[in-house]
Amino acid sequence: MQKSGSSSVLGPGGLDLSQAFFKPVQNTAPPSPTKRQTKISVIGTGNVGMAIAQTILTQDLADELALVDAIPDKLRGEMLDLQHAAAFLPRTNIRASVDYSVTVGSDLCIITAGARQNPGESRLSLLQRNVSLFSKIIPPLAKHSPHAILMVVSNPVDVLTYVAWKLSGFPVNRVIGTGTNLDSSRFRFLIADHLDVNAQDVQAYIVGEHGDSSVALWSSISVGGVPILSFLEKQQIAYEKETLEKIHKEVINSAYEVISLKNYTSWAIGYSAASLARSILRDQRKIHPVSVLAKGFYGIDGGDVFLSLPAQLGRGGVLGVTNIHLNEEEAQRLRDSAKAILEVQSQLGL
């Protein structure tokens, strides 16, 4: 495999051209032992995996990027295609292999491999096709990068994040799923579009399952720091719950719509995963709604279940779960979402 821009070039007679090209600096000291490089591995080079890889490269999030896939020709083609863009990108060492040893020493492993979701197919129906695949992916990742953070993108993401946690043996703070991070972005966009404001000024979360039982936290939405529902009540402006539910339904259906139009989703999840990678690897301590072990939060009990809650992310992975206010209806819907995931999970026998 070719290193991107760092391999030495031998000229006639075995002369190392890099030594001829650069004059050595005298009295040098070795690099600081505290200096370290950042390595991200992406497992699966389908449309989602490559959108994530491309976004990671353009946003300069890693010094080394490792790609793994089961199809060697496709994998090498993707690696070469990215390497050929080296002159237009921040310098990143790009490597690829069907062997998981290429991922050794990763800081973050992003798992996108899985069966593609078919038009009209629910995320939970993908489960059995993906669990057996994860049993081949997660153990070698954990072996080669025992201190890494695992980020699961493959659907159904909540159950597969649980599967990754069980198979890796990692502490719970180092296993997350992308969950409703993208759903919440879609939610913010739709609210902003409805109110004709900038989506970055909208604070709003979708929590629970990344799927049909997700929960829109209407009671905590704010625009420019102003809580929306309490503002409307104080101004005696009527709003219909049906309008709110319609926006939430659009969030749920938006992925299905994209899939029906172009057969897959890629760009939005690429940006979503890259935003999580940035928060983690740069220790930004930002709050993202991601799939985490939810047991003990918001009255969720009855078993180990992963679902999305607003969590603070940093170099240690999940640093904490935000104690956001939920009204009773939202709390009950969240518990119902947990039960729906647990019901499916109980069939796995893990």
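Values in this document were obtained by computation on a predicted structure and should not be read as measured data. (Residues numbered from 1 in each chain as written. Predicted model: local features only at pLDDT ≥ 70, side-chain atom pairs only at ≥ 80, totals over all residues. Heavy atoms only, no water.)

Draft legend 1. Region of the structure containing the layout of surface pockets. Approximately 840 Å³ is the volume attributed to the largest pocket. Around the largest pocket sit 39 residues that line it, and Val48, Thr112, Ala113, Gly114 and Ala115 are the ones nearest its centre. Mapped onto the lining of the largest pocket, the elements with two or more residues apiece are α2 (47-58), α4 (127-144), α6 (181-195) and α8 (241-262). A class-by-class count of the residues in the lining of the largest pocket yields 18 nonpolar, 16 polar and 5 charged. In terms of domain composition, the lining of the largest pocket takes at least three residues from each of domain 1 (36-177) and domain 2 (180-347). (1 Å grid on protein atoms, 1.4 Å probe; cavity = no way out; pocket = protein on both sides within 12 Å on 5 of 7 lines; lining within 4 Å. Points joined across faces, edges and corners; volume = space filled by probe spheres on them. Helix = DSSP H or I, 4+ residues; strand = E, 2+ residues; numbered from the N terminus. Nonpolar A, V, L, I, M, F, W, Y, C, P; charged D, E, K, R; others polar. Domains from an automatic or database assignment.)

Draft legend 2. Local environment of helix α5 (residues 157-168). Between its first and last C-alpha atoms α5 spans 16 Å; for 12 residues at 1.5 Å apiece the expected length is 16 Å, and the two agree. For α5, the tally of buried residues reaches 10 of 12 residues, placing the bulk of the element in the interior. Buried within α5 are the following residues: Val157, Asp158, Val159, Leu160, Thr161, Tyr162, Val163, Ala164, Trp165 and Ser168. Packed against the buried residues of α5 are α4, β5 (149-152), β6 (175-177), β12 (286-293), β13 (306-314) and α10 (328-345). Two residues or fewer after α5 comes Gly169, characterised by a positive phi angle close to 75°. (Expected span 1.5 Å × (residues − 1). Buried < 20%, exposed > 50% of the residue type's maximum accessible area, 1.4 Å probe, protein only. Contact = heavy atoms within 4.5 Å.)

Draft legend 3. Broad picture of the pairing of strand β3 (residues 93-97). The buried fraction of β3 amounts to 4 of the 5 residues, a majority that puts the element mostly inside the structure. Pairing between strand β2 (residues 64-68) and β3: 5 bridges, direction parallel. Pairing of Ala66 across the sheet is with Arg95, part of β3. In this fold, β2 hands off to helix α3 (residues 72-83), which returns the chain to β3; that crossover is right-handed. (Pairing = 2+ DSSP bridges. Right-handed = clockwise from strand over helix to strand, strands pointing away.)

Draft legend 4. Layout of the UniProt feature "binding site: NAD(+)" (unreviewed entry) in the chain. Mapped onto the present numbering, the UniProt feature "binding site: NAD(+)" (unreviewed entry) falls on Gly44, Thr45, Gly46, Asn47, Val48, Gly49, Asp69, Asn130, Val153, Ser154 and Asn155. Checked against the lining of the largest pocket, the annotated residues just named reduce to Gly44, Thr45, Gly46, Asn47, Val48, Gly49, Asp69, Asn130, Val153, Ser154 and Asn155. Relative to the elements of secondary structure, Asn47 occurs in helix α2. Overall, Asn47 belongs to the partly exposed group, its relative accessible area being 30%. For Asp69, a relative accessible area of 17% puts it in the buried group. At a separation of 2.8 Å, a polar atom in the side chain of Asp69 contacts the main-chain amide nitrogen of Thr45. (UniProt positions renumbered as here; feature names shortened; annotations may be inferred. Polar contact = N/O pair within 3.5 Å; in protein donor to acceptor, adjacent residues only side chain to side chain.)

Draft legend 5. Here's a closer look at a negative patch on the surface. A contiguous patch of negative charge, built from Asp193, Asp196, Glu250 and Glu257, is present on the exposed surface. You can see Asp196 is positioned in the loop between α6 and β7 (202-203). By relative accessible area, Asp196 is classed as exposed at 71%. (Patch = residues over 30% accessible without salt bridge, like charges linked within 9 Å, V, L, I, M, F, W, Y side chains within 5 Å. Areas by Shrake-Rupley, 256 points an atom, 1.4 Å probe, with all protein chains shown as cover. Salt bridge = Lys/Arg side-chain N within 4 Å of Asp/Glu carboxyl O. Lys, Arg positive; Asp, Glu negative; His and termini not counted. Charge placed at Lys NZ, Arg CZ, Asp CG, Glu CD.)

Draft legend 6. Highlighting the packing of α4 against α5. Taken N-terminus to C-terminus, the directions of α4 and α5 make an angle of 35°; their axes are 9 Å apart at the nearest point. When you trace α4 past α5, the crossing you get is right-handed. Here Leu127, Asn130, Val131, Phe134, Ser135, Ile138 and Ala142 of α4 come into contact with α5, specifically with Val159, Leu160, Val163, Ala164, Leu167 and Ser168. Taken together, the residues of the contact of α4 with α5 sort by class into 10 nonpolar, 3 polar and no charged. (Axes fitted to C-alpha atoms, helices over the stretch in contact; angles between N-to-C directions. Left-handed = near helix turned anticlockwise from the far one by under 90°.)

Draft legend 7. Expanded view of the pattern of salt bridges. Within this structure, the stated rule accounts for 10 salt bridges. The partner of Glu64 in a salt bridge is Lys39, and the shortest N-O contact between them spans 3.5 Å. Here Lys39 lies in strand β1 (residues 39-43) and Glu64 lies in strand β2, a separation of 25 residues in the sequence. Just as Glu64 is buried, Lys39 falls in that class too. The shortest N-O distance in the salt bridge between Lys74 and Glu78 comes to 2.7 Å. Separated by 4 residues within a single helix, Lys74 and Glu78 lie in helix α3, roughly one turn from each other. Salt bridges here are not isolated pairs; linked through shared partners, they connect Arg36, Asp107 and Arg315.

Draft legend 8. Highlighting the nonpolar core. By size, the foremost hydrophobic cluster in this structure holds 83 residues, and its most contacted members are Ile40, Leu67 and Ile111. Counting contributing residues per domain, this core is built from domain 1 (36-177) and domain 2 (180-347), each supplying no fewer than three. Those residues in contact with Leu67 that lie beyond four places of it in its chain are Val42, Thr45, Met50, Ala53, Leu75, Met79, Leu82, Arg95, Ala96, Ser97 and Val102. Counting 16 residues, the second largest nonpolar core, distinct from the first, contains Ala192, Ala216, Leu229 and Leu244. (Core = buried A, V, L, I, M, F, W, Y, C linked by side-chain atoms within 4.5 Å.)

Draft legend 9. Main features of the side chain of Asp183. If you trace the backbone, Asp183 turns up in helix α6. For the buried Asp183, which has no salt bridge, the nearest side chain bearing the opposite charge is Arg186, at an N-O separation of 4.7 Å. Dropping the residues within four chain positions of it, Asp183 is found in contact with Ile206, His210 and Val251.

Draft legend 10. Summary view of the sheet that holds β7. Read across the open sheet, the 3 strands follow the order β7-β10-β11; overall the sheet is antiparallel. If you trace the sheet from one side to the other, it starts and ends with β7 and β11 (226-227), each paired once. Of the strand pairs in this sheet, β7 and strand β10 (residues 222-223) are connected by 2 bridges, and their pairing is antiparallel. Counterpart to Gln203 in the pairing with β10 is Ser222.

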